[in-house]
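The primary structure of each chain is shown beneath.
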Amino acid sequence: MSAIPVANSILAVRKAVAAARTSGLRIGCVPTMGALHEGHASLIRSAKAVSDFVVTTIFVNPTQFGPNEDFTKYPRTLEADCETCAAAGADLIFAPTAEEMYPPNAFAFVDVGTLGEHLCGPSRPGHFRGVCTIVMKLFQIVQPDVAVFGAKDAQQARIIRRMILDLNVPVQLMIAPTIRERDGLAMSSRNRYLTPIERSRAPEIYRVLCEVRDRALHGERDVARLESALRGMLETIPESRLDYAAIVDDETMTPITQIDRPALIAVAIYVGKTRLIDNVTIPQTTTI
Ligand code: AMP
């Protein structure tokens, strides 16, 4: 059994963080929804490498789920999560209730504008508004010096970067690389929804992403051709349904026609009933 303290109230977190700060410690924060895996653990280790007192937040945030999404069945595994946090070097877990985070009379939120309309936006209306609102609230509560997010959620990371810049949030943002299973599948709390046969098909997503990135790196600049190959290959995954597969500007996530700047290849695809997302970046390349 781990000995990591768990705070459920905002007051308790504020007190613990204030005490750490008074002792001269640098505060790190890793926001999560729990059901922790090695991807989350790597974020905690990254936070610990650049700060002294790491707060991992565990909160399945209702405002970022749509009405027909998996909020109620989202895995909740607090006991195991405590072990993972302790092993990865976290110093405190903040695991509030929905009532603690959203009192009934609250109605202010963070509006992310058109950034939330690309990629996952159309199929998850309101999702990034919910994400930014909860992240901003967690930043206000923990007041970290540094916060770590995963590259796995590419659009989320970019939107949070913009939110921090646009709203002058005094926190340093770190984006840590996507941690994958040995066969390439990006680790995700939702992978546990996959049946064994779906799980055996899911690594194809990353294989296809890498193949399309390689085509771009080998000189194919035409985004329409690359996207067509991307979609064509993904559609061969049995019992899958493509939500989107797009190659966009790496920063603004807006469509591009040529690979003439850093680009992001992003995919959301249902394998069976489970919606999986993944992405790779195409770094800036020079044309000869
Ligand atoms: P979640 O609990 O899914 O909301 O994710 C919490 C944080 O962990 C987010 O910043 C995610 O981007 C990050 N994360 C999730 N999966 C991975 C992964 N496989 N590798 C790295 N970071 C991840």
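Before reading further, recall that the structure is shown in the block above.
This text gives an overview of the structure that appears in the document.

What counts and what doesn't
- Residues numbered from 1 in each chain as written.
- Predicted model: local features only at pLDDT ≥ 70, side-chain atom pairs only at ≥ 80, totals over all residues.
- Heavy atoms only, no water.
- Helix = DSSP H or I, 4+ residues; strand = E, 2+ residues; numbered from the N terminus.
- Rg over C-alpha atoms; globule rule 2.2 N^0.38 Å.
- Buried < 20%, exposed > 50% of the residue type's maximum accessible area, 1.4 Å probe, protein only.
- Contact = heavy atoms within 4.5 Å.
- Areas by Shrake-Rupley, 256 points an atom, 1.4 Å probe, with all protein chains shown as cover.
- Lys, Arg positive; Asp, Glu negative; His and termini not counted.
- Charge placed at Lys NZ, Arg CZ, Asp CG, Glu CD.
- Pairing = 2+ DSSP bridges.
- Axes fitted to C-alpha atoms, helices over the stretch in contact; angles between N-to-C directions.
- Salt bridge = Lys/Arg side-chain N within 4 Å of Asp/Glu carboxyl O.
- Near = heavy atom within 4 Å.
- Polar contact = N/O pair within 3.5 Å; in protein donor to acceptor, adjacent residues only side chain to side chain.
- Nonpolar A, V, L, I, M, F, W, Y, C, P; charged D, E, K, R; others polar.
- Phe/Tyr/Trp six-rings, centres within 6.5 Å; stacked < 30°, edge-to-face > 60°.
- Lys NZ or Arg CZ within 6 Å of the ring centre and 35° of its normal.

1. A few points about the overall build of the chain
- For the chain, the helix and strand inventory stands at nine helices and nine strands.
- In terms of C-alpha radius of gyration, the chain reaches 19 Å, essentially the compact-globule figure of 19 Å for 288 residues.
- Taken over the C-alpha atoms alone, the chain extends approximately 55 × 40 × 40 Å along its principal axes.
- Buried residues in the chain amount to 52% of all 288 residues.
- For the chain, the proportion of contacts with a sequence separation of at least 24, taken over those separated by at least 6, is 72%.
- About 13,700 Å² of surface is accessible on the chain, with carbon and sulfur atoms providing 55% of the total.
- Seen as two clouds, the 31 positive and the 32 negative side-chain charges of the chain have centres 1 Å apart.

2. Some remarks on the sheet that holds strand 7 (residues 240-249)
- A sheet is described by the order of its strands in space; here three strands give the open sequence 7-8-9, paired in antiparallel fashion. Either end of the sheet is taken by a strand with one partner, and the two such strands are strand 7 and strand 9 (274-282). Between one strand and the next, the sheet's axes are offset by a mean angle of 10°, whatever the strand orientation.
- Across nine bridges, the pairing between strand 8 (residues 263-271) and strand 9 is antiparallel.

3. Some thoughts on the environment of R221
- Along the polypeptide, R221 turns up in the loop between helix 8 (204-217) and helix 9 (223-234).
- Taking the relative accessible area as the measure of exposure, R221 reaches 16% and is therefore buried.
- Spatially, the C-alpha atoms of R221 and Q258 are 5.3 Å apart, while their sequence positions differ by 37 residues.

4. What about the pattern of salt bridges?
- Counting across every chain of the model gives 18 salt bridges.
- The salt bridge partner of D183 is R199, with a shortest N-O separation of 3.0 Å. Separated by 16 residues along the polypeptide, D183 in the loop between strand 6 (172-176) and helix 7 (196-201) and R199 in helix 7 bring together distant segments of the chain.
- Taking the relative accessible area as the measure of exposure, R199 reaches 23% and is therefore partly exposed.
- Note that E211 and R207 form a salt bridge whose closest N and O atoms lie 3.0 Å from each other. Linking E211 with R207, this pair stays in helix 8, spanning four residues, or about one helical turn.

5. Regarding the site of the ligand
- Residues in contact with the ligand amount to 17 residues; listed here are only the nearest, M33, G150, D153, I179 and M187.
- With respect to the ligand, the backbone of I179 contributes an N or O atom lying 2.8 Å from a nitrogen atom.
- Here a nitrogen atom of the ligand and a backbone polar atom of M187 are 2.9 Å apart.
- In isolation the ligand has 480 Å² of accessible area, and contact with the protein removes 93% of it.
- Contributing elements (two or more residues each) for the shell around the ligand: strand 2 (27-32), helix 2 (38-50) and strand 5 (146-150).
- For the shell around the ligand, the per-class residue count stands at eight nonpolar, seven polar and two charged.

6. A word on unusual backbone geometry
- Even without glycine at this site, A35 takes up a positive phi of about 50°.
- Topologically, A35 is positioned in the loop between strand 2 and helix 2.
- Positive phi outside glycine occurs at E239, with the angle close to 50°.
- Here E239 shows up in the loop between helix 9 and strand 7.

7. Some remarks on the packing of aromatic side chains
- Here the structure, examined in full by the defined rule, presents four aromatic pairs.
- Taken together, a centroid distance of 6.3 Å and an interplanar angle of 40° make the contact between F59 and Y102 tilted. Of this pair, F59 sits in the loop between strand 3 (53-58) and helix 3 (78-88) while Y102 sits in the loop between helix 4 (98-101) and helix 5 (127-142); the two residues are 43 residues apart in sequence, bridging distant segments of the chain. This pair shows no difference in class: F59 is buried, exactly as Y102 is.
- Aromatic rings pair up to connect F65, F71 and Y74 into one cluster.
- R180 extends its terminal NZ or CZ atom over the ring of Y206, reaching a point 3.5 Å from the ring centre.
- We note R241 situated over the ring of Y270; from NZ or CZ to the ring centre the distance is 4.3 Å.

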